[in-house]
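So you can see what is in the structure, the chains are spelled out below.
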Amino acid sequence: MNFLPLIVSFSLIPITLLATEPPLTTSLTEEMAYAEQVATQTNRNIDYQPFILSVWEHKDLVSFGAHTLKDSLMLIPGIDMMGDTTNNRTPVIRGSNPLAFGQTKLAIDGVVVNDRSFDSYSAYLDFPIELIQRIEVVRGSGSFIEGINGYSGSINVITYAKDEGEPLEGVIFGSFGSSSSQQAGFWYTHRASNWKLSTDLFYQSNDATSPINVTDKYGNTGLASLKSRQVGFGFSYVYGAFSLKGRVNEFTTGSAFGNLNALPNIDGEQSLPSWYLESAYSHKITDTLALQAKAGIMEDGWEEESRLLPPGTYGLITFPDGFWAYLDFNTRLLYGNVSAIYTGIKNHKITVGYSAKYEDVIDMSTVTTNKTGGTVLVDYTKLAPFIDAGSACRHTDDVYINDTMDISDQLAFSLYLGGTKASHIDFQSYARGALVYQPHRQHILKLMVGNNFRLPSFREMYTQNHPAKIGNPNLEPEHVMSYETQYLYKPTMATTLGINLFYLQNKDQIAPNTTTKLYQNIGKRDILGFETEFRGSIGENDLIALSYSYIRGKTFKGSEITDYLPYASSHMLKGAFSYALTPEVNAGVVGRYSSEKDRRPNDSRKKAMESFAALDLILGWEDSSGLYLQGALKNITNATYRYPSTPATYPDDYPIEGRTFWIRSGWKF
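Keep in mind the model is a prediction, meaning the values are calculated, not measured.

A. Structural detail: the side chain of His443. Looking at the secondary structure, you find His443 in strand β26 (residues 443-454). One polar contact links His443 to Tyr487, side chain to side chain, over a distance of 2.7 Å.

In structure tokens, the structure reads:
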């Protein structure tokens, strides 16, 4: 079925109905340029951007009980959270390949922090809310950030180091809660006449386990360790047109449900260390031409120390003390980007850019119990490494051009063209076109068409000597063709009602072959859906956010064909309400519902994962001096939230979280 005529027809309805509305007093391109210049400091500015873009400010996130970046993302329409046996978590937008990583990109102040191993950013999802001034989420291919290309979406976290809006000097904060969780940290900014230095530091930990016992593939029963420990430090230095920023993120978590589909020891740990440093410089050559350049280095990795199999006999091999693994994998990224912005042609803003990246493995070790049985540890780094470190490197060149132009005072057009050449992979082109139509300030209409791709991760290409997943260096990128339209109604500057339709054609999706365990391009998904969202106020003291998301489609994986989307909820409902009881006291309630998730046809377990519903209660206080105290009871009905397990792994899905609580306090100054 061809859904494009349906989307185009929908997009024309508001144009017809609103053709008699009075015109704008300024051009739409000027409004879009102004919105980009000041980012999205108010709700007003997001609406002109040629994306399905959700922007949430710190104040609103806190009102609805967000404690971390993960909590913040779960407020966004159409976003669900998934994870694997190691509790490596990833947001899933619109049901796009839920069991894969790299579908979305996460940037912190414009720096992409996806790692090289999984192409994920699980280690940053617990980023404290006190450090976040705003989040900007694009649902769909492309990105709001120049030079960054998300496959199914992109997320930009704006910290207080950006110094946008009403500036604070700093915050001291801390919290405690369920599972012995504790947190302490601060951020501080010093401003001088021509320079600025911002720093932040935090520590947090918990002893979380699965909320209920689990039974693994071999019949072992117990709790899975989901504990975590994190130390983060960031800084940003700005002097005139020059900037330097960096971050260190040391994240350690429990071994969860194990790399070999067996419950690991409760003290087993995984670490995902990461650090980066980026410098940037901008120079205005003329009134119509400006140059920007940046260069950076990033190192990240994955380390594991755990018992992956308990004592016992597996086939013909016996491990009296269990099978222990000490694995280490570290990579380095070097990158640079240069771009030119030209506004010398009337009604046009043209950006041309080039970026280069070099990714490489800098360290790897594989030490495990003797694979033929016994208790002796053997160094397999050269004999049988868990990843082909010698081949795991990639050089990538990317060129792009973007033009935003006025067609009339009410109509603007944005065109983004680019191409990427990566080592061992053919040249990949991508394009995105968007029309933004605003016949009146209360009404905005967007129509967008584009195609994009995702490069395979090192794990998907170079994993070896693993019984469940085998890398394939001949993988092709995943591809998506997207058709989107959105209508926004703004009765006031602070209130928005919107609806968007989308049709996605995903192909060449990467997944392990059920029989051979080899990663292959064997997946295809056609996804049709819509999202509705209301954000704003009805009275003077309330704040409301409501959204409903619907998806359906077809999937093709090898010879499997289904008329549904495995591991994706067709219906997602999210609602949040906050009310100021007094100028200092605020109360809120947040709820969400996800419908059941169907499984693949070859799964012998029950047909679908159960639906999930949760309700949170929030109560907070803040006085004029900046002191604040807030508490939240999350998931008051103690429903069990689960990540889906794939066939032939665990008999049931991975239980992640039940009822929790936290209390946070601090001082803004």
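B. Local environment of the side chain of Asp526. With respect to the secondary-structure elements, Asp526 resides in strand β29 (residues 519-536). Although Asp526 lies buried, it forms no salt bridge, and the closest oppositely charged side chain, Lys524, sits 4.7 Å away as judged by the N-O distance. When neighbours within four sequence positions are excluded, Asp526 is seen to be in contact with Tyr503, Leu504, Gln505, Asn506, Arg552, Gly553, Lys554, Phe556 and Leu565.

C. Expanded view of the packing of aromatic side chains. The final tally for this structure, using the stated rule, is 25 aromatic pairs. Between Trp302 and Phe386, the aromatic rings sit 5.8 Å apart at their centres with planes inclined by 65°, giving edge-to-face as the arrangement. In this pair, Trp302 sits in strand β17 (residues 289-309) while Phe386 sits in the loop between β22 (377-379) and β23 (393-406), placing the two residues 84 residues apart along the sequence. A relative accessible area of 3% places Trp302 in the buried class. The buried category is assigned to Phe386, whose relative accessible area is 10%. Here the guanidinium or amino end of Lys524 rests over the ring plane of Phe556, the centre of that ring lying 5.3 Å away.

D. Representation of the environment of Ser72. Tracing the backbone through its elements, the reader meets Ser72 in helix α5 (residues 69-73). Residue classification places Ser72 among the buried positions, given a relative accessible area of 0%. Each C-alpha atom, one on Ser72 and one on Val62, is 8.8 Å from the other, the two residues being 10 residues apart in sequence. With residues near it in sequence (within four places) discarded, Ser72 still touches Leu61, Ala66, Ile129 and Ile135.

Parameters and conventions
- Residue positions are given per chain, counted from 1 along the sequence in the order it is written.
- Since the coordinates come from a predicted model, pLDDT governs what is reported: local features require at least 70, and pairs of side-chain atoms require 80 or more to be given and counted, while whole-chain, interface and lining totals use all residues.
- For side-chain calculations, the full set of non-hydrogen atoms in the structure is used, while hydrogens and water are omitted.
- Put simply, DSSP H or I for four residues or longer makes a helix, DSSP E for two residues or longer makes a strand, and each gets a number counted from the N terminus.
- By the criterion applied in these results, polar contacts are pairs of N or O atoms within 3.5 Å in which, for protein atoms, one can donate a hydrogen and the other can accept it, and in which residues neighboring in sequence qualify only through two side-chain atoms.
- Under the scheme applied here, a residue whose accessible area is under 20% of the maximum for its type counts as buried, over 50% as exposed, and between as partly exposed, the area being computed with a 1.4 Å probe on protein chains only.
- Counted charges follow a simple rule, with Lys and Arg positive, Asp and Glu negative, and His plus the chain ends left uncounted.
- Should a side-chain nitrogen of Lys or Arg be within 4 Å of a carboxyl oxygen of Asp or Glu, the pair is scored as a salt bridge.
- Contacts: residue pairs with any heavy atoms within 4.5 Å of one another.
- Side-chain rings of Phe, Tyr and Trp, where Trp is taken by its six-membered ring, are said to pair if the distance between their centres is within 6.5 Å; with planes under 30 degrees apart they count as stacked, over 60 as edge-to-face, and otherwise as tilted.
- Charge over a ring is defined by NZ of Lys or CZ of Arg lying within 6 Å of the ring centre and within 35 degrees of the ring normal.

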